Amino acid sequence: MRIEIPNALIDALRHAQHIAVLTGAGVSAESGVPTFRDAQTGLWSKFNPQELATRKAFQRNPKMVWEWYAYRRELTARAEPNAGHYALVEMEKRVPQFTLITQNIDGLHERAGTKNMIELHGNIQRVKCLREDVRVESWVEDGEIPPRCPRCNSYLRPDVVWFGEMLPAFALDEAFRAARNCDLFFSIGTSGVVEPAASLPFVALRNGAVVVEINPDETPLSRGATFRLCGAAGVVLPMILGAPF
Ligand code: OAD
């Protein structure tokens, strides 16, 4: 399929004072990190998330949940940022204000070089204490899985948001502030079905921003977006950055 970047979008980019970008698992698909809901390759098609990504699941079977995250941690550590991640680094350099809001826990935006970033769902490379909810940098590896908190001896868990948990309040406030205040909003590689992140593009629309969706598939945002670019982030984003703005 031929993708064209509309002139009106190039114009919006040229005049943008604040760009906000929401990314989801699709942005990392071309880095080899499976998405959550894509039928054949999505992780969720092989495992039931409710059995793995909840506090209850961890309390029921801490070893299995820890090992599942260890597998994903290794997968993301081996993955490299792709052309889409790097195009967003370039975008940040070209506008006065830029806020990247990601639902991804893989840390690839940061590794690519994005500076102003909000991780809504945490980061799989980090670990925190189950009881105290504080980040833990080091612990004793004595073979016990999961390992234990060196301070309180409770289990350690990944520093990610599980189903049924609150998002970090500061990150959420910042994300909604950016959605309200930006003049151009990109929603990239997200199915737009998980709240509260799914509301962000609609908040931007209501506040008068131009909203652009980049996704090969239709989502609940597609009909309302100002521009819809049907294609892979790693293809479409470099095309946008190649446009004269
Ligand atoms: P999903 O797996 O729900 O959606 C991925 C989206 O990316 C789909 O709409 C695909 O069509 C699209 N996609 C696939 N390949 C793409 C590509 N190369 N370029 C652009 N788009 C592509 O992932 P998320 O929307 O990120 O939350 O899921 C949101 C949240 O649901 C996750 O953060 C996770 C999950 O439950 C938690 O774990 C709290």
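Caption draft 1: Here's a closer look at the environment of Arg-148. With respect to the helices and strands, Arg-148 occurs in the loop between β4 (122-129) and β5 (156-160). Separated by 74 residues in the primary sequence, Arg-148 and Glu-74 place their C-alpha atoms 20 Å from one another. Residue contacts for Arg-148: discarding those within four places in its chain leaves Trp-139, Asn-153, Ser-154, Tyr-155 and Leu-156. Polar contacts involving the side chain of Arg-148 include one to the side chain of Glu-144, which spans 3.2 Å. Looking at Arg-148, its side chain comes within polar contact range of the main-chain oxygen of Asn-153, at 2.9 Å.

Caption draft 2: Region of the structure containing the side chain of Asp-159. Within the secondary structure layout, Asp-159 lies in strand β5. A polar contact of 3.3 Å, which involves the side chain of Asp-159, links it to the side chain of Arg-135. Ignoring sequence-local partners within four residues, the contact set of Asp-159 consists of His-121, Gly-122, Asn-123, Arg-126, Val-127, Lys-128 and Arg-135.

Caption draft 3: Local environment of the pairing of strand β6 (residues 184-188). The element β6 is extensively covered by neighbouring structure, given that five of its five residues are classed as buried. Going residue by residue along β6, you find Leu-184, Phe-186 and Ile-188 tucked away on one face and Phe-185 and Ser-187 tucked away on the opposite face as well. One ladder, built from five bridges, connects strand β1 (residues 18-23) with β6; its direction is parallel. When the sheet's bridge partners are listed, Thr-23 is paired in β6 with Ile-188. The pairing of β6 with strand β7 (residues 210-214) spans five bridges and is parallel. Directly across from Leu-184, in β7, lies its bridge partner Val-210. After leaving β6, the chain enters helix α10 (residues 200-206) and then returns to the sheet as β7, a path that is right-handed.

What counts and how
- Residues numbered from 1 in each chain as written.
- Predicted model: local features only at pLDDT ≥ 70, side-chain atom pairs only at ≥ 80, totals over all residues.
- Heavy atoms only, no water.
- Helix = DSSP H or I, 4+ residues; strand = E, 2+ residues; numbered from the N terminus.
- Contact = heavy atoms within 4.5 Å.
- Polar contact = N/O pair within 3.5 Å; in protein donor to acceptor, adjacent residues only side chain to side chain.
- Buried < 20%, exposed > 50% of the residue type's maximum accessible area, 1.4 Å probe, protein only.
- Pairing = 2+ DSSP bridges.
- Right-handed = clockwise from strand over helix to strand, strands pointing away.

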